[in-house]
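Coordinate inspection notes
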Amino acid sequence: MNPSTESRGAAKRALLSLAIGSFGIGMTEFVVMGLLPNIASDLLPSLWASSQEDALSQAGWLISLYALGVVVGAPTIAGFVARFPRHRVMIVLAIALTVFNALTVVLPTFELVGASRFLAGLPHGAYFGIGALVAADVMGPGNRAKGVAFILTGLTVANVVGVPLGTFLGQAWGWRAAFGVVALVFALATICIVFFVPEHPGSPGRTMRQELGVFRIRQVWFTLGIGAIGFGGFFAVYSYIAPLVTEVAGSPEWVVPIVLVLMGIGMTVGNLVGGHLADIDLRRTLLFGLAAMAVVFALLAVFSFWIISLSLLVLIVGFVSSVLSPTIQTRLMDVAGDNQSIAAAMNHSALNIGNSLGAFLGGVVIAVGWGFTSPAWTGAVLAIAGLLIALLSYRVEARRSAALVGASS
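Presented here is an overview of the structure given in this document. Bear in mind that the values here come from a model prediction, so they are computed numbers and not experimental data. (Residues numbered from 1 in each chain as written. Predicted model: local features only at pLDDT ≥ 70, side-chain atom pairs only at ≥ 80, totals over all residues. Heavy atoms only, no water.)

1. Observations regarding the overall build of the protein
Each helix and strand counted, the protein has 19 helices and zero strands in total. A fraction of 85% describes how many contacts in the protein between residues 6 or more apart in sequence connect residues 24 or more apart. As displayed, the protein offers around 16,100 Å² of accessible surface, 71% of which is attributable to carbon and sulfur atoms. (Helix = DSSP H or I, 4+ residues; strand = E, 2+ residues; numbered from the N terminus. Contact = heavy atoms within 4.5 Å. Areas by Shrake-Rupley, 256 points an atom, 1.4 Å probe, with all protein chains shown as cover.)

Below is the structure:
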């Protein structure tokens, strides 16, 4: 084995180790959606008996609490640990994910499970953000989005294998079994990171105050808005995919994992395609992706009454949404300047604000009696809002560039 081959092999093992952790994150974040009725009936039995819609709406807060943990934890943790060696940070984050997900398995009440979901969300953004920086360094200039996509592949593969498997286990042996598997995945990731992720220096001179300078950059706020609002449409749909299958399409509960597999396949392919497209033309990928997402959500709202059309559209929803994931991440890294650690993590804060917003709004429109297709219409509105933010962002950027050119001449 020559040195270059050995180096490539070590890089693949390192990235695969990190991807195992992202698989666990994808599973812990999204398996709740498929098990929402099971969780609601177990933790909220009285409310479930009186009103299933109200119980589902309240159980949706578990999704929002996890997302809130990501929002709080991503900038706080990433800013604090920027100066530490990144491989050691990743080990600590993987251990924390193991412990907090194990708590979800054993805690008895809805309130305590909600607290464990918040704690489990805290390391999420820092794990992905710092992992994305490692991946981008490994792939090199011109291939950064592909490196980011590699790490995100673990998340999307979780939606093909982990989430449907967790949903099946949760339906067969109780929803806690799914989170037991999640804890084991994070334990495996911890071991792999210890052995296969080499030393990777942080930025010893960076301080939290310096990292927080990212919030003075206008384009950072635009990009965070695109992720929080535009991508929130995806979570408005995904959070309530189980009742869409069972209540709207009239299919039995065992069909839910199959539909989730289709969503995961679309997400996996879309993530890989998105990485390539973003490296070619990030602007067009971002704008066309948001427009396509709005159209697909509207079609889903209209044609979800038949399981075949619902399944096909869910596949497309997964594809289009995941094209945007590495695109938004790379855009944020582009506009963040020297504040790479906190910027990379903040993308996941933004996406999980979208998670919380989408899940909340989807629950609201269901609770007021607009039906289980109403979250899809909500998603379309949010995607259009994200597109408008993206257009405004590029317009402001073009004006600033023109002003700088005029000043220099």
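2. Thoughts on the nonpolar core
Within the largest apolar cluster, 98 residues are counted, with the highest numbers of intra-cluster contacts made by Phe 30, Phe 234, Tyr 238 and Leu 300. Residue contributions to this core peak at ten residues, all from helix 16 (residues 282-303). If we ignore the near neighbours within four places in the chain, the residues touching Leu 300 are Val 237, Leu 244, Leu 310, Leu 313, Val 314, Val 317 and Ala 376. (Core = buried A, V, L, I, M, F, W, Y, C linked by side-chain atoms within 4.5 Å. Buried < 20%, exposed > 50% of the residue type's maximum accessible area, 1.4 Å probe, protein only.)

3. Comments concerning the packing of aromatic side chains
In the structure shown here, the tally under the stated rule is nine aromatic pairs. Ring plane angle 90° and centroid distance 6.3 Å describe the contact between Tyr 127 and Phe 128, whose orientation is recorded as edge-to-face. Taken individually, Tyr 127 and Phe 128 each receive the classification buried, so the pair is uniform in this respect. A centroid spacing of 6.4 Å and a plane angle of 75° characterise the contact between Phe 305 and Trp 306, whose relative ring orientation is edge-to-face. For Phe 305, a relative accessible area of 44% corresponds to the partly exposed category. (Phe/Tyr/Trp six-rings, centres within 6.5 Å; stacked < 30°, edge-to-face > 60°.)

4. Observations regarding the pattern of salt bridges
A side chain with one charge can pair with a side chain of the opposite charge if their charged atoms come near. Within the structure shown, the criterion is met by two salt bridges. We note a salt bridge from Asp 281 to Arg 284, for which the minimum N-O separation is 3.6 Å. Across the pair Arg 331 and Glu 397 runs a salt bridge, and its minimum N-O distance is 3.3 Å. Taken together, the residues Arg 331 in helix 17 (residues 307-335) and Glu 397 in helix 19 (residues 374-408) connect sequence positions 66 residues apart. Look at Arg 331 and you get buried, because its relative accessible area is 6%. According to the relative accessible area criterion, Glu 397 is partly exposed, its value standing at 27%. (Salt bridge = Lys/Arg side-chain N within 4 Å of Asp/Glu carboxyl O.)

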